[in-house]
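Close look at the chain arrangement
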Amino acid sequence: MKESDPSLRRARIAKCFQEMPRRDEEEHVLVLSGLWNIAMTQPDDPEFPTLGIFGCMGKLILRGVNDKDWIGRDQNVYIPYYAAHIIGSYTINKVEFAEKAVEAGVVPPLMELLRGKLSWVEQRVAVRALSHLASYDPTMRSMFEYEKEIVELCTQLATTCLNVVYSRFVGVRDPKKRLKYQCDLLTRGLGGAEMENRKAEEWASQLQCWSLYTLNCFASKERSLNLICREGFLKDLCKMWGGLINDTSPAGVGLLRILCYSKEGRKCVADCKEVVRSLCNLSRSSDDWQYVGIDSLLLLIQDPVARFKVMELAAAVLADLVELRDLRGRKNIGDAITRALLLDYTDRKSKSKMCKEVEEALEVVRDIKVGRRKKEKEMSKQDLQERRVLVCFKKQKGNERFWCGDVEVAVVYYSEALDLCPLKMTKERIVLYSNRAQCHLFLKDAAAAISDTTRALCLSSPPNSHEKSLWRRSQAYDMMGLAKESLMDCIMFVNGRFLSKGMKQIKVPYYAARMLNKQMNATWLFAAALSQKSSGKEIEDENNESCTRTEKEMAMAMKKTASFCSVLEEFSSSKGKRRAETPSRRKN
């Protein structure tokens, strides 16, 4: 590397890459660590990719997989991880590097790691590298030979990896029983058990998200849909989310939307009511991926076959969103929803297939987007003013009845006020919807509360910013046992209070803190794995026995191996913490 003559330097580097897999030297791991650092910081530099680094890394991986004596010597146990990571780092941005990697034969070694020949740590970097290769058309074609196996392994990994990481690492309470090299890789040799657990959670989430991304690459080309669209896996997808760890990944719902672009995918998704219901819940939430849920539902109801399978669940949900305007750069979402819902509204044959609830939802949409607008345009200013006065009167009466404990009567007054309230009186309608939602909460009608708060939040500017509606919907989702949706609304509520009150008051209200704690425990990445362990259930994993045996062998080999501190890990994208302030208890 320090050679001043460029041609001589390149020749020596190329020779080093050729000889390294055949030699036994203690310095190998230090060389790999340095190469990994360069690949991480300079992934677009063509020097090493053109000098044979991919072939070298592939051979080192195979040697680590096939030669247990070699991997147990010195610090060679780190080498397969770093080799696969280097391949992934150089192929992340440039298709020409990915083509060189495939030509150098990196796919078979990466497949060995993906099969679980070593451990979940190596599976993580293997699926990362394979996902990059699958994202380019030229290199994707070279992976068709392994297509079925890759898809099956990725679906299995996405489903079981959290349980595996928990059972083999996070759930191992005695630090001495954790594989030392995994601890060092996770914490760079500088952290304790708490940091190990935090990084293991992040890596497990990445392992799941990269597995899903690889499946996305195949699904977007409508390949292996019969393997991806299995009912059990579709149901599992609803529980996979990037969450607060990998906020840039749409995770399970991202794959569901890709599937909804194909006819076969739409049919399979529409046939699974649990999946459709999950998309509905996402569409009426403050999750960053709300628009993905809406897109998926629109694709389903625009399909002539899937439409009537999902309308019973989706119509009322989408009807609550018809006044939604802009959302994360997408314009006029409410109008798109209206067009999709009223696609065959006047068709008698289509109407005959609709249940009563669907007809009522479509009538509400037509009234808000067409009927009432037309009537209010024809009204005189005097008539509109009289309506405003009457709305204020009805609202005041509703407030009085609420505070007197006549909640059912208050609902009637708020409903009458909403029927009279001109559409242009946005602020008044937000308050009325939110107040009526509070009444529904007192009456234990969580579904009605979610509907009203969603309508209020669609009218707020920006969307999902009305604090009291967020808190009330969070409570309603909690009543229905929907922890993820409740958590996201509570976070947004806390954040909104904090921003509105400024940075001086930083205390989170006790009831919001209690809700956050409850839902974060319920949605913790390893919550399901912990529940399975507590109930004594065995984790389903086809590679469980072989992986455990391999890890035991590696643990034995590592007993006399000194710990190794890595110098850097890939850049993580963790969502910024949201802060809160104490909300007022009085009604709007």
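Just so you know, these numbers come straight off a predicted model, no measurement behind them.

**So, the overall build of the chain**
If you tally the helices and strands in the chain, you get 32 helices and zero strands. When each of the 588 residues of the chain is scored for burial, the buried share is 55%. Of the accessible surface of the chain, which amounts to about 27200 Å², a share of 51% is contributed by carbon and sulfur atoms.

**A look at helix α19 (residues 290–301)**
The end-to-end C-alpha distance of α19 is 17 Å, a good match for the 16 Å that 12 residues give at a rise of 1.5 Å each. Of all the 12 residues making up α19, 11 are buried; the element is thus mostly covered by neighbouring parts of the structure. Listing the buried residues of α19 in full gives Gln290, Tyr291, Val292, Gly293, Ile294, Ser296, Leu297, Leu298, Leu299, Leu300 and Ile301.

**Structural notes on the packing of aromatic side chains**
Scanning all chains against the criterion turns up 17 aromatic pairs. Seen from their ring centres, Tyr166 and Trp524 are 6.2 Å apart, and the 85° between their planes marks the pair as edge-to-face. Taken together, the positions of Tyr166 in helix α11 (residues 147–170) and Trp524 in the loop between α30 (510–523) and α31 (527–534) put the pair 358 residues apart, joining distant regions of the chain. Exposure remark for Tyr166: the relative accessible area of 2% places this residue in the buried category. Here Trp471 and Phe493 contribute two aromatic rings whose centre-to-centre distance is 5.3 Å and whose plane-to-plane angle is 35°, an arrangement assigned as tilted.

**Details of the pattern of salt bridges**
The final tally for this structure, using the stated rule, is 38 salt bridges. For Lys235, the salt bridge is made with Glu231, and the minimal N-O distance between the two is 3.3 Å. Of the two residues, Lys235 and Glu231 both sit in helix α15 (residues 231–237), four residues apart, roughly one turn of that helix. With relative accessibility at 26%, the residue Lys235 sits in the partly exposed group. Among the salt bridges present, the one from Asp320 reaches Arg284, with a minimum N-O distance of 2.7 Å. Highlighted residues: Asp320 in the loop between α20 (307–319) and α21 (333–341) and Arg284 in the loop between α18 (273–283) and α19, separated in sequence by 36 residues.

**Notes on the confidence of the model for the chain**
Across the chain, the average pLDDT comes to 87, with 88% of residues at or above 70. Predicted confidence for residues 538–549 stays below pLDDT 50, and this span has 19 contacts to residues more than four positions away or in other chains. Within the model, the stretch residues 556–588 combines pLDDT values under 50 with 113 contacts to residues more than four positions away or in other chains.

**Comments concerning helix α27 (residues 446–459)**
For α27, which comprises 14 residues, the first-to-last C-alpha distance of 20 Å matches the rise-based estimate of 20 Å (1.5 Å per residue) to within 8%. Along α27, 13 of the 14 residues are buried, which leaves the element largely enclosed by surrounding structure.

**Quick notes on the nonpolar core**
Of all hydrophobic cores here, the largest spans 143 residues; its most connected members are Met57, Leu110, Leu133 and Leu259. The greatest single-element share of this core, amounting to 13 residues, is contributed by α11. When residues no more than four places from it in sequence are discounted, the contact partners of Leu259 are Ala219, Leu225, Ile228, Cys229, Leu234, Gly265, Arg266 and Val269. Formed by 16 residues, the second largest nonpolar core is a distinct cluster that contains Val391, Ala417, Leu432 and Leu459.

**Points about the packing of helix α13 (residues 193–219) against helix α16 (residues 251–260)**
Each pair of packed helices gets described by two things: the angle between the helix axes and the distance between those axes. Remark: α13 packs on α16, axes separated minimally by 9 Å, with the N-to-C direction vectors making an angle of 5°. Accordingly, the angle class assigned to the pair α13 and α16 is roughly parallel. From α13, Cys209, Leu212, Leu215, Asn216 and Ala219 reach across to α16, where they touch Ala251, Gly252, Gly254, Leu255, Ile258 and Leu259. A breakdown of the residues in the contact of α13 with α16 according to their chemical character gives eight nonpolar, three polar and no charged.

Definitions and cut-offs
- Residues numbered from 1 in each chain as written.
- Predicted model: local features only at pLDDT ≥ 70, side-chain atom pairs only at ≥ 80, totals over all residues.
- Heavy atoms only, no water.
- Helix = DSSP H or I, 4+ residues; strand = E, 2+ residues; numbered from the N terminus.
- Buried < 20%, exposed > 50% of the residue type's maximum accessible area, 1.4 Å probe, protein only.
- Areas by Shrake-Rupley, 256 points an atom, 1.4 Å probe, with all protein chains shown as cover.
- Expected span 1.5 Å × (residues − 1).
- Phe/Tyr/Trp six-rings, centres within 6.5 Å; stacked < 30°, edge-to-face > 60°.
- Salt bridge = Lys/Arg side-chain N within 4 Å of Asp/Glu carboxyl O.
- pLDDT = per-residue confidence, 0-100.
- Contact = heavy atoms within 4.5 Å.
- Core = buried A, V, L, I, M, F, W, Y, C linked by side-chain atoms within 4.5 Å.
- Axes fitted to C-alpha atoms, helices over the stretch in contact; angles between N-to-C directions.
- Parallel < 35°, antiparallel > 145°, perpendicular 65-115°, else oblique.
- Nonpolar A, V, L, I, M, F, W, Y, C, P; charged D, E, K, R; others polar.

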